[in-house]
Amino acid sequence: MILISVARVPLYCQYRRHEKDIAHCERWGLYFAAMAALQGSLYGVAWFAFVPGGDQFFLSVVCLWVMGLSACAVVGYAAHPKTLLSFFAPVVVPGTVLLLMDGSERMQILAAALFLYGVVILLAAAPVYRSIVQSIELNLRLRELSEKDGLTGLANRRHFDETLQKELDRALRNEQPLSLLLLDIDHFKAYNDHYGHVSGDHCLRLVSDAIAGCVRRSGELLARYGGEEFALLLPNTDKTQLAATVERLQAAIRESAIPHAGRPDRLEQITVSIGGTTVERDYPANPESLIENADTALYMAKNHGRNQYYFYCRRSGQLAAEEPLAVAIA
Ligand SMILES: Nc1nc2c(ncn2[C@@H]2O[C@H](COP(=O)(O)OP(=O)(O)OP(=O)(O)O)[C@@H](O)[C@H]2O)c(=O)[nH]1
């Protein structure tokens, strides 16, 4: 019994670690239920093994003890009816059988009471379980709503800002580079004017899908930063790796070939302008300066004709513009 109780500790820890993942919780819930069934069965066996036949006083005391114990179990297991049942049934059923076997009227009344008690406890646990599940689901939904952009399903700006601070701290602590890209759809107002706002929304989803297809490494975070602006945070990525990512992004946008007949230049296709920056370990930075650098680079890309990539880096406290590294659609 003690061993089973001790074995629950790592199970509980695993459960807490995967608390956000419903599938994992279900699996660990099953392990828990199996353990509860084993523990309950031991109590059930104990009825027959240790309760001397015919000793009504002893039987009554044990019966009351089991009831009390089961009540404690209800408190512990009420969060999961299957677990509760798997513990409760092996305790109550043998006890009821044993009392019935005794044959006396008093013991039969006690057996009926024990059984009724079990049923009532199980029924009472159901609404407790439902309300716990509802509150967990509500919490998960709230967290999702507070972190995601409704239109594209990407991270929203708030989630991005929080992550940026954490990743920057981590990068500086581990002396690793951290890169940031800001991507802005070119002539998007003209797109809305030409195709309408609903098509504009659809276009935003297409572009976000194309960009999301280039997010490969875990830890990278793509967010919708503003109306038609996206931010991509790339931990442990230096300037050279960043340029390779930009090439992939440009190719993805090019391949998505979203028509844009309303733009004022001759390119009849959606393009993006991209500004990027990298924090290297010897250049301390804060989130604001990182965004500012990438934004300035993006502004340069827009100002130099759009559909291109500019990179800004800090050198001795100075900002220096680099030549466009790539032109996406010629
Ligand atoms: N359909 C749609 N349009 C949006 C959304 N958010 C912002 N916009 C539009 O995006 C357009 C952005 O226009 P501007 O900031 O002038 O930029 P632009 O026309 O893309 O021009 P450049 O960025 O200079 O290439 C505005 O017309 C906004 O109404 C959205 O969620 N859906």
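Residues numbered from 1 in each chain as written. Predicted model: local features only at pLDDT ≥ 70, side-chain atom pairs only at ≥ 80, totals over all residues. Heavy atoms only, no water.

The name recorded for the protein in an unreviewed UniProt entry is diguanylate cyclase, from Microbulbifer hydrolyticus. You can read under Cofactor (unreviewed entry) in the UniProt record for the protein the words "Mg(2+)". (UniProt positions renumbered as here; feature names shortened; annotations may be inferred.)

Caption draft 1: Layout of the pattern of salt bridges. Summed over the entire model, instances satisfying the criterion amount to 9 salt bridges. Lys302 is the salt-bridge partner of Asp184, the closest N and O atoms lying 2.7 Å from each other. With a gap of 118 residues between them, Asp184 in strand E1 (residues 178–185) and Lys302 in helix H10 (residues 287–303) connect regions that are remote in the sequence. You'll find Asp184 and Lys302 in the same group, each marked buried. One salt-bridge network, in which partners are shared between bridges, spans Asp184, Asp186 and Lys302. (Salt bridge = Lys/Arg side-chain N within 4 Å of Asp/Glu carboxyl O. Helix = DSSP H or I, 4+ residues; strand = E, 2+ residues; numbered from the N terminus. Buried < 20%, exposed > 50% of the residue type's maximum accessible area, 1.4 Å probe, protein only.)

Caption draft 2: Looking closely at the pairing of strand E4 (residues 272–279). Counting buried residues along E4, 8 of its 8 residues qualify, which places the element largely inside the surrounding structure. Here E4 shows a buried face lined by Val272, Ile274, Gly276 and Thr278 and a second buried face lined by Ser273, Gly275, Thr277 and Val279. Where E1 lies against E4, 8 bridges are found, and the strand directions are antiparallel. Its bridge partner lying in E4, Ser179 is registered against Thr278. (Pairing = 2+ DSSP bridges.)

Caption draft 3: Structural view of the packing of helix H6 (residues 157–174) against H10. Two elements in contact, H6 and H10, have axes whose closest approach is 10 Å; the angle formed by their N-to-C orientations is 110°. One finds that H6 runs roughly perpendicular with respect to H10. Residues Phe160, Leu164, Gln165 and Leu168 of H6 pack against Pro287, Leu290 and Ile291 of H10. For the contact of H6 with H10, the residue count by class is 6 nonpolar, 1 polar and no charged. (Axes fitted to C-alpha atoms, helices over the stretch in contact; angles between N-to-C directions. Parallel < 35°, antiparallel > 145°, perpendicular 65-115°, else oblique. Contact = heavy atoms within 4.5 Å. Nonpolar A, V, L, I, M, F, W, Y, C, P; charged D, E, K, R; others polar.)

Caption draft 4: Up close: the confidence of the model for the protein. With 79% of its residues at a pLDDT of 70 or more, the protein has an overall mean of 81. Averaged over each element, pLDDT in the protein is lowest for strand E6 (residues 318–321) (47) and highest for strand E2 (residues 221–224) (98). Low confidence marks residues 316–321, where pLDDT is under 50. Its contacts with residues over four positions away, or in another chain, come to 12 contacts. Note that pLDDT drops below 50 for residues 323–330; the model gives that stretch 21 contacts with residues more than four away or on any other chain. Among the scores for the predicted complex, ipTM is 0.97 and pTM is 0.68. (pLDDT = per-residue confidence, 0-100.)

Caption draft 5: Molecular detail of the packing of aromatic side chains. Counting across every chain of the model gives 3 aromatic pairs. Aromatic side chains Phe160 and Tyr225 sit 5.6 Å apart centroid to centroid with 80° between the ring planes, which places their arrangement in the edge-to-face category. You can see Phe160 sitting in helix H6 and its partner Tyr225 sitting in the loop between E2 and strand E3 (229–235), a full 65 residues away along the chain. Phe160 sits in the buried class, given a relative accessible area of 0%. What makes Tyr225 buried here is its relative accessible area of 10%. Both rings, one in Phe188 and one in Tyr191, keep their centres 5.8 Å apart while their planes meet at 10°; by these two values the pair is stacked. Pair noted here: Phe188 and Tyr191 are both in helix H7 (residues 188–195), with a separation of 3 residues, about one helical turn. Each member of the pair, Phe188 together with Tyr191, is buried. Taken together, the ring pairs connect Phe188, Tyr191 and Tyr195 into an aromatic cluster. Directly above the ring of Tyr225 sits Arg157, whose terminal nitrogen or CZ lies 4.0 Å from the centroid. (Phe/Tyr/Trp six-rings, centres within 6.5 Å; stacked < 30°, edge-to-face > 60°. Lys NZ or Arg CZ within 6 Å of the ring centre and 35° of its normal.)

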